[in-house]
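Structural overview for review
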Protein chains: 2
Amino acid sequence: MRTAVILAGGSGTRLWPASRRARPKQFLALGDAPGESLIAATARRLRASCEAGGVFVVTAIDQAAQVADALPGLPKDRILAEPLAKNTAAAIGLACIHILARDPDATLGIFPADHHIADESQFSSLVERSMTLCEDSGDIVTLGIVPTRAETGFGYLELAAAEADGSHRVTRFVEKPDAATAATYVAAGNYLWNAGMFFARADRMLAAIERHLPDTFAALAAIRTALAAGHDEIAAETARAYPTLAAISIDHGVMEPVGKAGGLRTLPAEVGWNDVGAWSALAGFRHPDADENIITGDAIAEDARGNIIFAGDGHAVAVIGASDLVVVTAGGATLVVPKNRAQQVKRAVDLLAARGLTHYL
Amino acid sequence: MRTAVILAGGSGTRLWPASRRARPKQFLALGDAPGESLIAATARRLRASCEAGGVFVVTAIDQAAQVADALPGLPKDRILAEPLAKNTAAAIGLACIHILARDPDATLGIFPADHHIADESQFSSLVERSMTLCEDSGDIVTLGIVPTRAETGFGYLELAAAEADGSHRVTRFVEKPDAATAATYVAAGNYLWNAGMFFARADRMLAAIERHLPDTFAALAAIRTALAAGHDEIAAETARAYPTLAAISIDHGVMEPVGKAGGLRTLPAEVGWNDVGAWSALAGFRHPDADENIITGDAIAEDARGNIIFAGDGHAVAVIGASDLVVVTAGGATLVVPKNRAQQVKRAVDLLAARGLTHYL
């Protein structure tokens, strides 16, 4: 059955002060729909395509309760809690063994919890095509985002020529390039952004992990064995296994060697994808008001243009006579930074940490 | 005995969101001394000059507890709570009858609770001179502030020529002038700002109220009679009297006619007086950091100059890469406004009120 796996392991502070160590950005309502968190939007987008197998979420053990709050319809046994963050190879491997124990025939679509997709209908159609493609071919499939700028913040997929079905073999994973290299990629036309969305039969994915990351597979196998023995045993075995796991991304650990061996395909996606990597990213997908302000929560902007204002946690914000700022209040902290310097939020986090004010982080 | 009366009846929102309907600015710590509220600084400045008679505070009944918190050394029976705000003539009259009941020979110095004085030693010296002057002459004395700019936000005192002791008769009270008129006042040299600070023997002040505001005096006389009958009677009589009182300022109701009759003198004061009428006023008396930022509370400013940042109520603020802003967070609300438009905070308050968000005001 077609099954969605949402990876909700983020711990970023790039959207501080709304995102925190203890509340990563997938739990924030950043889209136009008031109150809908990114993870809730991610699950909603997959409802139709993955109706048969439903949704699983892999998350950190201390975020499991937040995931349950954010996805109130999700049965609790579909939240797979990791005792430690061990990057995506371990998370996806854990999802594979849990899902295979219920459904040996599962096909997985794997998605980050905290991205925004503007064109949901195009996205759904590509998810269905990707599912069909990996079921029919036995290959792993990834959605590659057609680049809209020479972005240096993402990895790229290098493609072979298109095949008859519109898919491409992925010949190479490229790390975040410098600006000149990124420009040549965009100009060349055969590079797509790696958005971390993968499709595969669950048994195929686990076999790829076994082949390319045998130590990871071995550690997970102990959990798999315990799956027959009831919930307490699984949790204990997971707690035992995780410290031994290497923290490796699925991209490096599995997709790159699978791609080299010719087993990875991509479908180019133009779906209004946005990784919401900074407050300024909201300008890429939110609908501004008549003064070009993007306002979330109880906020007012008067004689003010082009601001991104976020009033979280029952806090009010008033911006009077100021323009092109990011103004965010959440969780007992406020950030003010010009929109074109929104990437520098990390500096605020570092300075507060240096002053020992870690309770605001 | 020389006795200070602090008028703490303010209810302004000019320093919103730190000042609120329920927390006027006298309770805010806005000076360089961390944690010292304006009212605490006012009381501290008067400690030496009014050591004999001590301090009384007239305040609204719902702010009495905040006054007690702000002035922990003040005996509770020195907080005179008004059941309704009836402007300064009633407040000063109430203080007169309470203080005269204890000390028929009292001399009063009357001070707003929420102003800042930079030159405390010069101020103390003028308070002592004013006390002596009103004791010796039987006149009422006011400190008039030597203007430093053609301010249109204050009333002015028009002076006669200096007398031998350096004091001047006040010949006229002038309402807030327009800019051109203010400029002529400053150029003329015989106008001072009216800062609402008055000195008089208590019996002299009460006699002036009796003469110029006989209705106010009559209503207060009932409270005076009750003062012999114990605390419950006083509170009940005060509650009965206050609704009948007209809301009249001491300036209009008493000082203007006293001045016309030749009974009001002033000593010109150059004491770094500031009425703290807007956030931008902090630039007039606070010591900025090396980047010209004025920071109160848990706030950081990075690559940011000339900002006024106030982080109240255990909230943190980070300003990155922005300049010449007022950024205030307090009581569940945040204000961002350019420093040169800080007067427009009222617009934010009005807009929030119009949207029904009155719990932030």
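Our structure is the block above this text.
These lines cover the structure that appears in this document, whether it is placed above or below.

Rules used throughout
- Residues numbered from 1 in each chain as written.
- Chains lettered and ligands numbered in written order.
- Predicted model: local features only at pLDDT ≥ 70, side-chain atom pairs only at ≥ 80, totals over all residues.
- Heavy atoms only, no water.
- Contact = heavy atoms within 4.5 Å.
- Buried area = accessible area lost by both parts, 1.4 Å probe.
- Salt bridge = Lys/Arg side-chain N within 4 Å of Asp/Glu carboxyl O.
- Helix = DSSP H or I, 4+ residues; strand = E, 2+ residues; numbered from the N terminus.
- Expected span 1.5 Å × (residues − 1).
- Buried < 20%, exposed > 50% of the residue type's maximum accessible area, 1.4 Å probe, protein only.
- Arc of directions from axis to C-beta.
- Phe/Tyr/Trp six-rings, centres within 6.5 Å; stacked < 30°, edge-to-face > 60°.
- Least-squares fit on C-alpha atoms with pLDDT ≥ 70 in both.
- Pairing = 2+ DSSP bridges.
- 1 Å grid on protein atoms, 1.4 Å probe; cavity = no way out; pocket = protein on both sides within 12 Å on 5 of 7 lines; lining within 4 Å.
- Points joined across faces, edges and corners; volume = space filled by probe spheres on them.
- Nonpolar A, V, L, I, M, F, W, Y, C, P; charged D, E, K, R; others polar.
- Axes fitted to C-alpha atoms, helices over the stretch in contact; angles between N-to-C directions.
- Polar contact = N/O pair within 3.5 Å; in protein donor to acceptor, adjacent residues only side chain to side chain.
- Parallel < 35°, antiparallel > 145°, perpendicular 65-115°, else oblique.

**Thoughts on the interface of chain B and chain A**
- Each partner contributes to the interface: chain B provides 34 residues, whereas chain A provides 34 residues.
- Buried area between chain B and chain A, summed over both chains or domains, comes out near 2800 Å², and the portion from carbon and sulfur atoms is 58%.
- It is Ile300(B), Ile320(B) and Val336(B) in chain B that bury the most area against chain A; as a group they hold 21% of the surface buried on that side.
- At the junction of chain B and chain A, the tally comes to four salt bridges.
- Where Asp303(B) meets Arg341(A), a salt bridge forms, and the shortest distance between an N and an O atom there is 2.3 Å.
- Looking at which element gives the most residues to the side of chain B that touches chain A, the answer is strand β17 (residues 333-338) of chain B, with six residues.

**Digging into helix α4 (residues 120-137) of chain A**
All names here are of chain A.
- The terminal C-alpha atoms of α4, which comprises 18 residues, lie 25 Å apart, in line with the 26 Å expected from a rise of 1.5 Å per residue.
- Buried within α4 are the following residues: Phe-123, Leu-126, Val-127, Ser-130, Met-131, Leu-133 and Cys-134. For α4, the arc enclosing every buried residue in end-on projection is 165 degrees, short of the 170-degree limit, so these residues lie on one face. In α4, the exposed residues that point more than 90 degrees away from the buried face are Ser-121 and Asp-136.
- Among the residues trailing α4, Gly-138 stands out with phi positive, at a value near 80 degrees.

**Brief notes about the packing of aromatic side chains**
All names here are of chain B.
- Counted under the stated rule, the structure contains 16 aromatic pairs over all chains.
- Judged by centre distance (5.4 Å) and plane angle (80 degrees), the ring pair of Phe-111 and Phe-199 falls under edge-to-face. With Phe-111 in strand β4 (residues 107-112) and Phe-199 in strand β9 (residues 191-201), the pair connects residues that are 88 residues apart, well separated along the chain.
- Phe-199 sits in the buried class, given a relative accessible area of 0%.
- Look at Phe-154 and Trp-193: their rings are 4.9 Å apart centre to centre, the planes differ by 70 degrees, and that puts the pair in the edge-to-face class. Of this pair, Phe-154 sits in the loop between β6 (140-145) and β7 (156-162) while Trp-193 sits in strand β9; the two residues are 39 residues apart in sequence, bridging distant segments of the chain.

**Some remarks on the relation of the copies chain B and chain A**
- The transform that puts chain B on chain A rotates by 180 degrees and translates by 0.1 Å along the axis, for an RMSD of 0.0 Å. On the angle and the small slide along the axis, the relation comes out as a two-fold axis.
- Take the interface residues of chain B: 100% of them recur as interface residues in chain A, which is what a same-surface contact looks like.

**Here's the deal with the pairing of strand β7 (residues 156-162) of chain A**
Residues and elements named next belong to chain A.
- As defined by bridge partners, β7 adjoins strand β8 (residues 168-174) across five bridges and the pair is classed as antiparallel. Across the sheet, Glu-158 pairs through a bridge with Arg-172, a residue of β8.
- As consecutive antiparallel partners, β7 and β8 are separated by five residues, and within that stretch Gly-166 has a phi angle of approximately 90 degrees, a positive value.
- The pairing of β7 with strand β9 (residues 191-201) spans three bridges and is antiparallel. In the strand pairing of β9, Glu-158 is matched with Tyr-191.

**A word on empty space enclosed by the protein**
- Tallied over the entire structure, the rule returns two cavities of 30 Å³ or more.
- Around the largest cavity, the lining residues are Thr42(B), Arg45(B), Phe111(B), Pro112(B), His115(B), Ile117(B), Phe123(B), Met197(B) and Trp273(B).
- Only α1 (38-46) and β4 of chain B provide two or more residues apiece to the lining of the largest cavity.
- For the lining of the largest cavity, a count of residues per class yields six nonpolar, two polar and one charged.
- Here the second largest cavity defines a volume of roughly 40 Å³.
- As for the second largest cavity, its lining consists of Thr42(A), Arg45(A), Phe111(A), Pro112(A), His115(A), Ile117(A), Phe123(A) and Met197(A).
- For the lining of the second largest cavity, the elements supplying multiple residues, two or more each, are α1 (38-45) and β4 (107-112) of chain A.

**Things to note about the sheet that holds strand β12 (residues 294-296) of chain A**
- Spatially, six strands are ordered β12(A)-β14(A)-β16(A)-β17(A)-β15(B)-β13(B) in an open sheet, and the strand pairing comes out mixed. Looking at strand neighbours, the two that pair on one side only are β12 of chain A together with β13 (299-302) of chain B, the edges of this open sheet. Neighbouring strand axes in the sheet, compared pairwise and without regard to direction, differ in orientation by 5 degrees on average.
- Of the strand pairs in this sheet, β12(A) and strand β14 (residues 308-311) of chain A are connected by three bridges, and their pairing is parallel. Counterpart to Ile294(A) in the pairing with β14(A) is Ile308(A).
- Relative to β13(B), helix α10 (residues 345-354) of chain A is tilted by about 130 degrees, and along the sheet it contacts β17 (333-338) of chain A together with β13 and β15 (316-320) of chain B.

**Some words on the sheet that holds strand β13 (residues 299-302) of chain A**
- Taken together, the six strands give an open sheet; going across it, the order is β13(A)-β15(A)-β17(B)-β16(B)-β14(B)-β12(B), and neighbouring strands pair in mixed fashion. On the outer flanks of this sheet lie β13 of chain A together with β12 (294-296) of chain B, each paired with one strand and no other. Each strand axis lies, on average, 5 degrees off the axis of its neighbour in the sheet, ignoring direction.

**A look at unusual backbone geometry**
All names here are of chain A.
- Of note, the amide linkage connecting Trp-16 to Pro-17 takes the cis form, showing an omega dihedral of 0 degrees.
- Within the fold, Pro-17 resides in the loop between β1 (2-8) and α1.
- The backbone phi angle of Asn-87 is positive, close to 65 degrees, even though this residue is not glycine.
- If you trace the backbone, Asn-87 turns up in helix α3 (residues 87-102).
- Residue classification places Asn-87 among the partly exposed positions, given a relative accessible area of 38%.

**Let's talk about the side chain of Asn293(B)**
Residue and element names in this part refer to chain B.
- Positionally, Asn-293 belongs in the loop between β11 (273-274) and β12.
- By relative accessible area, which is 2% here, Asn-293 ends up buried.
- Among the polar contacts made by the side chain of Asn-293, one reaches the main-chain amide nitrogen of Asn-307 at a distance of 2.8 Å.

**What to know about helix α7 (residues 214-226) of chain B**
- With 13 residues, α7(B) should cover 18 Å at 1.5 Å per step; its first-to-last C-alpha distance of 19 Å lies within 8% of that length.
- What α7(B) keeps buried is the set Thr216(B), Phe217(B), Ala219(B), Leu220(B), Ile223(B) and Ala226(B).

**A look at the packing of helix α6 (residues 202-212) of chain B against α7(B)**
Residues and elements named next belong to chain B.
- Contact geometry of α6 with α7 gives a least axis separation of 5 Å together with a crossing angle of 125 degrees. In terms of orientation, α6 and α7 fall into the oblique class. Where α6 approaches α7, its residues Leu-206, Ile-209, Glu-210, Arg-211 and His-212 are matched on the opposing element by Pro-214, Thr-216, Phe-217 and Arg-224.
- Residue composition of the contact of α6 with α7, grouped by class: four nonpolar, two polar and three charged.

**Some words on the environment of Met255(B)**
Residues and elements named next belong to chain B.
- Note on placement: Met-255 falls in helix α9 (residues 250-260).
- Residues Met-255 and Val-170, spaced 85 residues apart in sequence, show a C-alpha to C-alpha distance of 9.2 Å.
- Apart from residues lying up to four places away in sequence, Met-255 is in contact with Ile-140, Phe-173, Phe-198, Met-205, Ile-250 and Leu-264.

**Some remarks on the side chain of Thr59(B)**
Residue and element names in this part refer to chain B.
- Position of Thr-59 among the secondary structure elements: in strand β2 (residues 54-60).
- Separated by 2.8 Å, the side chain of Thr-59 and the backbone oxygen of Ala-8 make a polar contact.
- With residues near it in sequence (within four places) discarded, Thr-59 still touches Ala-8, Ala-64, Val-67, Ile-79, Leu-80, Ala-81 and Glu-82.

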